[in-house]
Amino acid sequence: MIQTVNKAIKKRSLCGLIVRAKANRSLEIEGENTTLLWDYLFKQKSIGKYSVGISKRNGEPERGAKVSVSIAEVRLAGKGK
């Protein structure tokens, strides 16, 4: 999956930084009110859907999950925005 994301980033000539977001951060987007990262990414076209294995932890069994990957160039807003 990471190879597919890397290829898509290079194709779009982006900076090449991959961020897996833990928090729904505020973004600075020119001409728009404050937008949240996950809301913005859900509006982007998916570059692929994948099945991944999730290891067992905290007493939960191992399981599979389906994920959809989207990419976008964004600027995170500073504190207090």
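Residues numbered from 1 in each chain as written. Predicted model: local features only at pLDDT ≥ 70, side-chain atom pairs only at ≥ 80, totals over all residues. Heavy atoms only, no water.

> Is there a simple way to think about the overall build of the protein chain in this case?
Within the protein chain, the secondary structure is distributed over two helices and four strands. Listing the helices and strands of the protein chain from first to last along the sequence gives α-β-β-α-β-β. Within the protein chain, the proportion of its 81 residues that are buried is 17%. A sequence separation of at least 24 residues applies to 44% of the contacts in the protein chain between residues at least 6 apart. For the protein chain, the accessible surface area stands at approximately 7100 Å², while carbon and sulfur atoms represent 49% of it. (Helix = DSSP H or I, 4+ residues; strand = E, 2+ residues; numbered from the N terminus. Buried < 20%, exposed > 50% of the residue type's maximum accessible area, 1.4 Å probe, protein only. Contact = heavy atoms within 4.5 Å. Areas by Shrake-Rupley, 256 points an atom, 1.4 Å probe, with all protein chains shown as cover.)

> Would you mind going over the confidence of the model for the protein chain with me for this structure?
If pLDDT is low for a region, its predicted coordinates should not be looked at in detail. Mean pLDDT over the protein chain: 79, with 73% of residues reaching 70 or higher. Of all secondary-structure elements in the protein chain, the lowest mean pLDDT belongs to helix 1 (residues 2–11), at 60, while strand 2 (residues 35–36) reaches the highest, 90. (pLDDT = per-residue confidence, 0-100.)

> Just to check I follow, could you spell out unusual backbone geometry for this structure?
For residues other than glycine, phi is negative in most cases, and the peptide bonds are mostly trans. The residue N58 is not glycine, and still its phi comes out positive at about 50°. Note on placement: N58 falls in the loop between strand 3 (46–54) and strand 4 (63–70). Here N58 falls in the exposed class, since its relative accessible area comes to 72%.

> Looking at this structure, I do not really get the environment of S70. What am I missing?
One can find S70 in strand 4. Put simply, S70 and L41 are 29 residues apart on the chain and 6.3 Å apart in space, counted from C-alpha to C-alpha. Among all residues touching S70, those that are not within four sequence positions of it are L41, Q44, K45 and S46.

> So what exactly am I meant to see when it comes to the side chain of T35 here?
On the secondary structure map, T35 appears in strand 2. Non-local contacts of T35, meaning those with residues more than four positions away in its chain, are made with R25, S26, L27, I29 and Y40.

> Sorry if this is basic, but what is going on with the environment of A21 here?
If you trace the backbone, A21 turns up in the loop between helix 1 and strand 1 (26–27). A C-alpha to C-alpha distance of 8.5 Å links A21 and L37, two positions 16 residues apart in sequence. If we skip the residues at most four places from it in the chain, A21 touches L37 and W38.

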